Amino acid sequence: MQENTNPIDELQKAAEAETLAEPTNAPEGDDRVAQLEAEVAELKDQFLRTRAEMDNLRRRSAEEVMNAQKYAINKFAQELFSVKDSLEMALLDQSGQFDALKFGVDLTLKQLASAFEKAQIVELNPVGEKLDPHKHQAISAEASDAEANTVVRVMQKGYQVADRVLRPAMVVVSKGQE
């Protein structure tokens, strides 16, 4: 990659060098003009190449961001394929063996939990915690020995990725002691 230079600085340096040069070494007027025109052409070429390089970099970066957004789900989807396959096999099972079916469903749940872990999806199960309206959705309140607004039951677990809540936990909170 070429260094970015300012064409005006280059011209000023060339002019200063000419004034400092001895008069016997000074090029003829036409030669000097030709020399400066060549230098301007070289600087213009350098500028155009740098500009094209920056445009290409900007375009490649935009494509990479677009592809990252478009295909971000791929890795997680691949983790879920085995879960789907296991559920389909369980539905096809005609053996009538309840224990075997339960064992298979348990293994499938473990596969799903593993996929969630790899995708950094965290389960929200806030029993005993204070109600956090950013992570919990209170659907009812009931009398309890716990402090008011404490989660006493979870009706539906919530999930989050990093700091973003995907689904809040649906909870029952304590009214406090009456």
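Conventions used here
Residues numbered from 1 in each chain as written. Predicted model: local features only at pLDDT ≥ 70, side-chain atom pairs only at ≥ 80, totals over all residues. Heavy atoms only, no water. Pairing = 2+ DSSP bridges. Helix = DSSP H or I, 4+ residues; strand = E, 2+ residues; numbered from the N terminus. Axes fitted to C-alpha atoms, helices over the stretch in contact; angles between N-to-C directions. Core = buried A, V, L, I, M, F, W, Y, C linked by side-chain atoms within 4.5 Å. Buried < 20%, exposed > 50% of the residue type's maximum accessible area, 1.4 Å probe, protein only. Contact = heavy atoms within 4.5 Å. Phe/Tyr/Trp six-rings, centres within 6.5 Å; stacked < 30°, edge-to-face > 60°.

Description of the sheet that holds strand 5 (residues 164–167)
Strand order in the open sheet made by the three strands is 1-4-5, with antiparallel pairing throughout. Either end of the sheet is taken by a strand with one partner, and the two such strands are strand 1 (121–124) and strand 5. Here the average twist between neighbouring strands, direction ignored, is 35 degrees. Across four bridges, strand 1 lies against strand 4 (residues 158–161) in antiparallel orientation. Looking at the pairing, Ile-121 lines up with Val-161 of strand 4.

Structural notes on the nonpolar core
The nonpolar side chains of a soluble globular protein tend to be buried, and buried together. Judged by nonpolar contacts, Leu-124, Val-151, Ala-169, Val-171 and Val-173 together constitute the single largest core of five residues. Apart from the residues lying within four places of it in its own chain, the contact partners of Ala-169 are Leu-124, Pro-126, Lys-135, His-136, Gln-137, Gln-156, Lys-157 and Gly-158.

Looking at the packing of aromatic side chains
This structure, assessed with the given rule, holds two aromatic pairs. With 5.6 Å between their ring centres and 80 degrees between their planes, Phe-116 and Tyr-159 make a pair best called edge-to-face. Here Phe-116 is found in helix 4 (residues 98–118), whereas its partner Tyr-159 is found in strand 4, with 43 residues between them in sequence. A relative accessible area of 22% means that Phe-116 is categorised as partly exposed.

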